[in-house]
Structure formats: structure tokens, C-alpha cells
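What follows is the residue order along each chain.
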Amino acid sequence: AKGVKREMGIQEKIKEIEAEMARTQKNKATNYHLGRLKGKLALLRSQLITESKTGGGKAGEGFDVARSGDARVSMIGFPSVGKSTLLSTLTNTKSTAAAYEFTTLTCIPGVIDYNNSKIQLLDLPGIIEGAAKGKGRGKQVIAVARTSDLILMVVEAAKAELQMRLLTKELEDVGIRINQRPPDITYVVKKTGGFKFNSTVPLTHCDEKLCKDICALQKIHNAEVLFRGDYTVDQFIDVVQGNRKYMRCLYVINKVDTITMGEMDRLARLNDTVVISAHWKLNLDFLLEKLWVYLDCVRLYTKPRGKRPDFSEPVVLPRGTTILDVCNRIHRDFAKRFKTANVWGTSAKHVPQSVGIKHTLQDEDVVQLMTKPGK
């Protein structure tokens with residue numbers, strides 16, 4: 001009960017600050033005041049997230065889904081936008097679909113077989129506005145989404161842009177930044193020495209005084225800050241908080257059979273979007289293609305000595321993978337006993353190339369690992 005009271009108190013403070021920000025006119029004179037309010041807001045929101053993580057109560061039923069396959073993709077969206085129909089169509093999993101809201105109440109996993117790899121697709125319950133504050137099962141849904149490699153944001157074609165905006169805000173409120181690069185800001189907390197601030201470019205959004213005040217709100221008075229780009233106050237707050245998750249997101253605009261051709265063409269041209277109809281199975285092959293591109297994985301084939309490579313079951317890992325990652329995926333002792341590796345494919349300068357453990361691999365490379373004899 002004490003925890004619930006404390007959470008209510010934090011939410012009331014958040015409402016007050018949001019109301020004050022809405023009342024304040026945005027201009028050069030109020031930039032500093034708004035920056036301080038944003039700092040206070042970020043601090044309160046992070047307290048709210050921490051409270052919900054450490055709070056008592058049993059885990060949400062059906063939400064502790066074991067990670068399986070080569071990658072995990074979470075579908076989030078408002079109730080009745082067609083997530084369950086899409087899951088049933090893309091995978092062989094049956095998720096109850098009906099014409100009323102909140103049909104799905106727990107997390108239902110399915111598996112997509114694509115490019116010889118297995119992608120785990122999670123059908124999460126519908127999010128309602130205010131999910132980040134704990135409405136519905138919003139917090140649990142968003143917590144599962146944080147563990148994914150990609151978010152599929154499923155929206156209804158008739159209300160696509162409104163739903164995309166609302167869902168993006170819900171995710172941002174709990175520290176998920178979608179389709180953004182982490183800001184190039186160096187932030188080091190020191191024990192002594194005061195506050196040191198530098199930038200390699202002219203700053204138009206925030207200055208030393210504002211950054212110093214935001215750090216003071218976090219009770220940090222000794223720090224070194226270096227901006228390598230013209231970033232906003234919000235981006236600096238993200239760096240100070242240090243608990244933000246940067247994720248790729250693909251907007252899936254469903255039920256395009258309910259809108260005009262002109263409107264569908266306009267929506268299809270928006271960034272990071274795919275227009276589909278799960279009911280009529282329209283454009284699903286393009287959705288899978290785009291999903292694979294956004295996951296940004298590489299398929300690697302292993303070759304035992306004296307045998308042909310096994311092309312039926314690739315080792316699927318994120319782009320930028322090295323020989324060391326392949327060793328760790330196959331068996332943890334491989335890295336300790338590693339001697340050399342032969343590589344065939346686009347990452348090799350000649351075929352086969354003998355490489356070391358730090359060699360970076362490309363998609364569809366063939367790898368033969370040589371190990372020292374075990375003790």
C-alpha cells in the first residue's frame with residue numbers, strides 16, 4: 001500500500017509538471033525554464049519505472065515467455081488493430097481473433113520461418129493510452145517489448161498517424177527510443193573537479209548552465225560533458241539517465257482495404273512503414289522482407305573439416321559479428337581452444353582466407369573453425 005501511495009504521489013507531480021509545460025510559451029526566454037522542467041520530469045519518470053520494477057506482486061501471467069529462435073520481434077498496438085490475425089497468418093500459431101477489443105489478454109508467441117532462420121514473433125495484448133503510467137497491462141507489455149530485437153507497431157489504416165504518435169509517446173515515456181541513434185555525448189561522473197563542459201560544434205538547443213542544472217537535479221556536481229553534435233535537452237537527459245533503450249521499429253499499417261488508394265499510397269511513402277491487409281493477405285511477403293532488413297542479421301554456415309558446409313541450418317547473429325561470437329554461440333569452450341579459422345565468402349580477401357578471432361563476418365559466409373586439442 002505504501003508503494004502504491006508513493007507511485008500515486010509521483011504521478012501527481014508528473015501531471016503538475018506536464019500542465020506547467022503546456023502552459024509555458026515556447027520561445028528563447030523560456031528555453032531554460034522548460035529545460036529544467038524536462039529534467040525534473042525525466043527524474044520522476046525514472047523513479048516510476050524503478051518503483052514498478054522493484055514493487056511486489058506476482059509476475060504477469062503469460063508474460064514470462066522464454067526466448068527462442070534466432071531473433072525476437074514484438075507486435076504492439078492498440079486493441080483490435082489485427083495483431084492476432086497477423087500472427088496467425090505469418091506463423092502457424094492460433095491466436096484468438098474477434099471483432100471486439102481486448103481479445104488477447106496474455107503474450108502469445110509464434111515462430112516465422114524465413115531465410116532458413118527462426119524468428120520468434122510475440123503477439124502482445126493491446127496497449128491503451130496511459131499504458132506507461134500502468135493502465136491496462138501496459139507496463140508488462142512494454143517490459144516484454146524492451147527485450148526484443150525489433151518492434152512491429154501495428155496500427156489501423158484509418159487512424160494510422162494518430163495511433164503511431166500515441167504509441168511512440170507511450171514507449172518514450174518508459175525510456176524506449178525508436179529509430180533513433182544514441183546521441184554522441186560523452187558524460188563522465190567524477191569524484192572531484194567540479195563541472196567541465198565542452199562541445200565540438202556550436203550548440204543551439206542547450207548551454208553549459210542548463211546542462212549543469214540538469215546534473216544538479218540528479219545530485220551530480222562533478223562531471224565532464226562533451227557534446228559532439230547539436231543535441232537537444234531531451235537527448236542530454238537521456239545520456240544522464242543512462243537507462244534508455246534504442247530500438248528499431250517498423251510501422252505496420254493494417255486494414256488498408258478500408259481506405260482509398262490515394263491515402264494508402266501516401267501512407268506507404270512514410271518512413272519505416274509497410275502497408276498490409278492481414279485479413280486479405282496483401283503485401284505480407286514485402287513485410288517479411290522488410291522485417292529481415294530491419295533485424296539486420298547475418299547468416300553463417302559452419303563447415304566441419306573434410307565435409308561439405310551445412311546450408312540447411314545457419315548460425316544467425318547480429319551484423320558486425322566476429323569469429324569470437326560464432327565460437328561462443330557454438331560452444332563456450334571453442335573460444336578458449338581457438339587456433340585459427342578458414343572463411344569463404346564476401347568478408348574473405350581470397351578463398352579460403354585464414355583469419356583470427358577478431359575477423360568480422362558478412363552475410364552467408366562459410367566458416368571452418370580450427371581448435372587446439374582439448375585437455
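As the structure is a prediction and not an experimental result, all values here were calculated from the model. (Residues numbered from 1 in each chain as written. Predicted model: local features only at pLDDT ≥ 70, side-chain atom pairs only at ≥ 80, totals over all residues. Heavy atoms only, no water.)

### Quick look at the overall build of the protein
Part 1 of the argument: What the protein contains, in helices and strands, is 11 helices and 15 strands.
Part 2 of the argument: Of all intrachain contacts in the protein linking residues separated by at least 6 positions in sequence, the fraction that spans at least 24 positions is 65%.
Part 3 of the argument: Surface exposure of the protein reaches about 20500 Å², of which carbon and sulfur atoms provide 52%. (Helix = DSSP H or I, 4+ residues; strand = E, 2+ residues; numbered from the N terminus. Contact = heavy atoms within 4.5 Å. Areas by Shrake-Rupley, 256 points an atom, 1.4 Å probe, with all protein chains shown as cover.)

### A few points about the sheet that holds strand β6 (residues 185-189)
Pairing between sheet strands relies on hydrogen bonds along the backbone, with the strands arranged either parallel or antiparallel.
Part 1 of the argument: Sheet architecture is open: three strands sit in the order β6-β8-β7, paired in mixed fashion. The sheet terminates laterally at β6 and β7 (195-199), the two strands that pair on one side only. Neighbouring strand axes in the sheet, compared pairwise and without regard to direction, differ in orientation by 5° on average.
Part 2 of the argument: Sitting on the sheet, helix α7 (residues 233-241) touches β6 and β8 (223-227), and the angle it makes with β6 is about 40°. (Pairing = 2+ DSSP bridges. Axes fitted to C-alpha atoms, helices over the stretch in contact; angles between N-to-C directions.)

### Side note on the sheet that holds strand β13 (residues 338-344)
Part 1 of the argument: If you trace the five strands from one edge of the open sheet to the other, you get β12-β11-β15-β13-β14, paired in mixed fashion. The open sheet has two free edges, formed respectively by β12 (315-318) and β14 (353-355), since each of these has just one partner strand. Across the sheet, the mean angle from the axis of one strand to that of its neighbour is 35°, orientation sign disregarded.
Part 2 of the argument: Here helix α10 (residues 323-330) sits on the sheet in contact with β11 (297-302), β12, β13, β14 and β15 (365-371), set at roughly 130° to β12.

### Considerations on the nonpolar core
Part 1 of the argument: I76, L86, I151, L152, M153 and L287 are the most contacted members of the largest nonpolar core, which totals 58 residues.
Part 2 of the argument: Per-element tally for this core: the top contributor is helix α9 (residues 284-295), with seven residues.
Part 3 of the argument: By size, the runner-up hydrophobic cluster in this structure holds 20 residues, among which are C206, V225, Y231 and V239. (Core = buried A, V, L, I, M, F, W, Y, C linked by side-chain atoms within 4.5 Å. Buried < 20%, exposed > 50% of the residue type's maximum accessible area, 1.4 Å probe, protein only.)

### Here we look at the packing of helix α3 (residues 83-90) against α9
Part 1 of the argument: Put simply, α3 and α9 touch, their axes get as near as 12 Å, and they point 85° apart. Put simply, α3 runs roughly perpendicular to α9. Only L284, L287 and L288 of α9 make contact with α3, whose side of the interface consists of L86, T89 and L90.
Part 2 of the argument: Grouping the amino acids of the contact of α3 with α9 by side-chain chemistry returns five nonpolar, one polar and no charged. (Parallel < 35°, antiparallel > 145°, perpendicular 65-115°, else oblique. Nonpolar A, V, L, I, M, F, W, Y, C, P; charged D, E, K, R; others polar.)

### With respect to the environment of T30
Part 1 of the argument: In this fold, T30 is placed in the loop between α1 (2-23) and α2 (31-54).
Part 2 of the argument: Excluding residues within four positions of it along the chain, T30 makes contact with T24 and Q25.

### Brief notes about unusual backbone geometry
Where the residue is not glycine, phi is negative for most of them; where a peptide bond is considered, it is trans in most cases.
Part 1 of the argument: Here the residue pair V351 and P352 is connected by a cis peptide bond, since its omega of -15° sits within 30 degrees of zero.
Part 2 of the argument: Residue placement: P352 occurs in the loop between β13 and β14.
Part 3 of the argument: Positive phi outside glycine occurs at D272, with the angle close to 60°.
Part 4 of the argument: Within the secondary structure, D272 is located in the loop between α8 (261-268) and β10 (273-275).
Part 5 of the argument: D272 sits in the partly exposed class, given a relative accessible area of 22%.
Part 6 of the argument: Even without a glycine there, the phi angle at E364 is positive, about 65°.
Part 7 of the argument: Mapped onto the secondary structure, E364 falls in the loop between β14 and β15.

### Remarks on the packing of aromatic side chains
Part 1 of the argument: The full count for this structure, using the stated rule, is seven aromatic pairs.
Part 2 of the argument: Through successive ring pairs, a cluster of aromatic residues spans Y187, F195, F197, F227, Y231 and F236.
Part 3 of the argument: Here the basic side chain of K209 rests over the ring of Y32, its NZ or CZ set 3.9 Å away from the ring centre.
Part 4 of the argument: Here R248 stacks its cationic end above the ring of Y294, 4.3 Å away from the centre of that ring. (Phe/Tyr/Trp six-rings, centres within 6.5 Å; stacked < 30°, edge-to-face > 60°. Lys NZ or Arg CZ within 6 Å of the ring centre and 35° of its normal.)

### What to know about the packing of helix α6 (residues 208-217) against α7
Part 1 of the argument: The geometry of α6 relative to α7 is characterised by a closest axis approach of 11 Å and an angle of 40° between their N-to-C directions. When the axes of α6 and α7 are compared, the crossing they make is right-handed. Only V233, F236, I237 and V240 of α7 make contact with α6, whose side of the interface consists of L210, C211, I214 and C215.
Part 2 of the argument: Tallied by class, residues from the contact of α6 with α7 come to eight nonpolar, no polar and no charged. (Left-handed = near helix turned anticlockwise from the far one by under 90°.)

### Overview of the pattern of salt bridges
Part 1 of the argument: Throughout the structure, instances matching the rule amount to 15 salt bridges.
Part 2 of the argument: As a salt-bridge pair, D234 and K38 come within 3.3 Å of each other at their nearest N and O atoms. You can see D234 sitting in helix α7 and its partner K38 sitting in helix α2, a full 196 residues away along the chain.
Part 3 of the argument: For E161, the salt bridge is made with R266, and the minimal N-O distance between the two is 2.7 Å. Of the two residues, E161 sits in helix α5 (residues 160-173) while R266 sits in helix α8, which places them 105 residues apart along the sequence.
Part 4 of the argument: With relative accessibility at 35%, the residue R266 sits in the partly exposed group. (Salt bridge = Lys/Arg side-chain N within 4 Å of Asp/Glu carboxyl O.)

### Details of α3
Part 1 of the argument: Among all positions in α3, only K83, S84, L86, L87 and L90 are buried. Considered in projection along α3, the buried side chains sweep an arc of 160° and stay on one side of the axis.
Part 2 of the argument: Packed against the buried residues of α3 are β1 (71-76), β2 (108-114), β3 (117-123), β4 (150-156), β9 (245-254) and α9. (Arc of directions from axis to C-beta.)

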